[in-house]
Amino acid sequence: YVEGLSLEALLQEQGAQSQEKVLEWARQLCRALLYLHSRKPPVIYRDLKPANVIERPDGTVALIDFGAAREYKPGGTKDTVSLGTQGYAAPEQYEETEQSDARTHIYCLGVMMFQLLTGETPYRLRPLGECAPSLSSGLEAIVQKCTQVRKEERYQSCAELLYALEH
């Protein structure tokens, strides 16, 4: 049990969240994912979405429900089972030739930021400037890079994404 509300519940109750709050949540999630990626072997979470993140009363977030997590297999060509929630899952989670890796988390986190910032469904991503023109163009560029279909065009690690979020 983790005391608090899921980000999904906060979104349903309050609608779009502030840029400052979403940035802080994203930085905290990047640090948690960096920890998972540093394990030997690395852990790939595979179901990052607002329902699986709890905001505690002190404002920190906790990642819950590791049921879809798996160990990264160096040299592996694909995931043994396609898992992830539609709308949040990265394209490679459903490809026959790709294995989920740290860049999979980056895509999912980008989708989450889009939804939390706009209150819109994650099924049709569009530029943040179209939905929420008051958001910073730097944040729009970060979300756009996170949600690239080809993982080679995304941030290549959570450390790289964290740096962008902090600067």
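Look up a bit, the structure's there.
Residues numbered from 1 in each chain as written. Predicted model: local features only at pLDDT ≥ 70, side-chain atom pairs only at ≥ 80, totals over all residues. Heavy atoms only, no water.

Observations regarding the pattern of salt bridges
- Counting across every chain of the model gives ten salt bridges.
- Here E166 makes a salt bridge to R31, at a shortest N to O gap of 2.9 Å. A residue pair is termed long-range when its members are at least 10 positions apart, and E166 in helix α6 (residues 158-166) and R31 in helix α2 (residues 19-38) qualify at 135 residues.
- Taking relative accessible area as the criterion, E166 reaches 42% and is therefore assigned partly exposed.
- Accessibility expressed as a relative area gives 40% for R31, which makes it partly exposed.
- Here R150 ties to E152 by a salt bridge, and the two come within 3.7 Å at their closest N and O atoms. (Salt bridge = Lys/Arg side-chain N within 4 Å of Asp/Glu carboxyl O. Helix = DSSP H or I, 4+ residues; strand = E, 2+ residues; numbered from the N terminus. Buried < 20%, exposed > 50% of the residue type's maximum accessible area, 1.4 Å probe, protein only.)

So, α6
- For α6, the full list of buried residues reads C158, L161, L162, A164 and L165. Buried residues of α6 fall within an arc of 160° about the axis and therefore sit on the same side. (Arc of directions from axis to C-beta.)

So, the packing of aromatic side chains
- Considering all chains together, one arrives at zero aromatic pairs under this definition.
- Positioned above the aromatic ring of Y155, the side-chain terminus of K145 is 4.7 Å from the ring centre. (Phe/Tyr/Trp six-rings, centres within 6.5 Å; stacked < 30°, edge-to-face > 60°. Lys NZ or Arg CZ within 6 Å of the ring centre and 35° of its normal.)

Thoughts on the sheet that holds strand β3 (residues 53-55)
- Pairing in this open sheet of three strands is antiparallel, and the strands run β1-β3-β4 from one edge to the other. With partners counted over all chains shown, the strands left at the sheet margins are β1 (5-6) and β4 (61-63), one partner each.
- Relative to β4, α2 is tilted by about 40°, and along the sheet it contacts β3 and β4. (Pairing = 2+ DSSP bridges. Contact = heavy atoms within 4.5 Å. Axes fitted to C-alpha atoms, helices over the stretch in contact; angles between N-to-C directions.)

Some thoughts on empty space enclosed by the protein
- Considering all chains together, one arrives at one cavity of 30 Å³ or more under this definition.
- Considering only enclosed or pocket space, the largest cavity measures out at about 30 Å³ in volume.
- Lining the largest cavity are V22, W25, A26, L29, L109, M112, M113 and L116.
- Residues of the lining of the largest cavity, tallied by class, amount to eight nonpolar, no polar and no charged. (1 Å grid on protein atoms, 1.4 Å probe; cavity = no way out; pocket = protein on both sides within 12 Å on 5 of 7 lines; lining within 4 Å. Points joined across faces, edges and corners; volume = space filled by probe spheres on them. Nonpolar A, V, L, I, M, F, W, Y, C, P; charged D, E, K, R; others polar.)

Some remarks on the environment of A51
- Position of A51 relative to the elements: it lies in the loop between β2 (43-44) and β3.
- Measuring from C-alpha to C-alpha, the distance between A51 and L63 comes to 9.5 Å, with twelve residues separating the pair along the chain.
- In this structure A51 touches S6, E8 and I64, once residues within four positions along its chain are discounted.

Observations regarding helix α5 (residues 137-146)
- By the burial criterion, the buried members of α5 are L139, I142, V143 and C146. Along the axis of α5, the buried residues cluster in a sector spanning 95°; they form a single face.
- Summarising the contacts, the buried residues of α5 are in contact with α2, α3 (102-118), α4 (128-131) and α6.

As for the packing of α2 against α3
- It is the contact of α2 with α3, at a shortest axis distance of 11 Å, that shows an interaxial angle of 165°. Here α3 runs roughly antiparallel to α2, going by the angle between their axes. For the pair α2 and α3, the sense of crossing is right-handed. Residues Q19, V22, W25, A26, L29, C30, L33 and H37 of α2 pack against A102, H105, L109, M112, M113, L116 and L117 of α3.
- Grouping the amino acids of the contact of α2 with α3 by side-chain chemistry returns twelve nonpolar, three polar and no charged. (Parallel < 35°, antiparallel > 145°, perpendicular 65-115°, else oblique. Left-handed = near helix turned anticlockwise from the far one by under 90°.)

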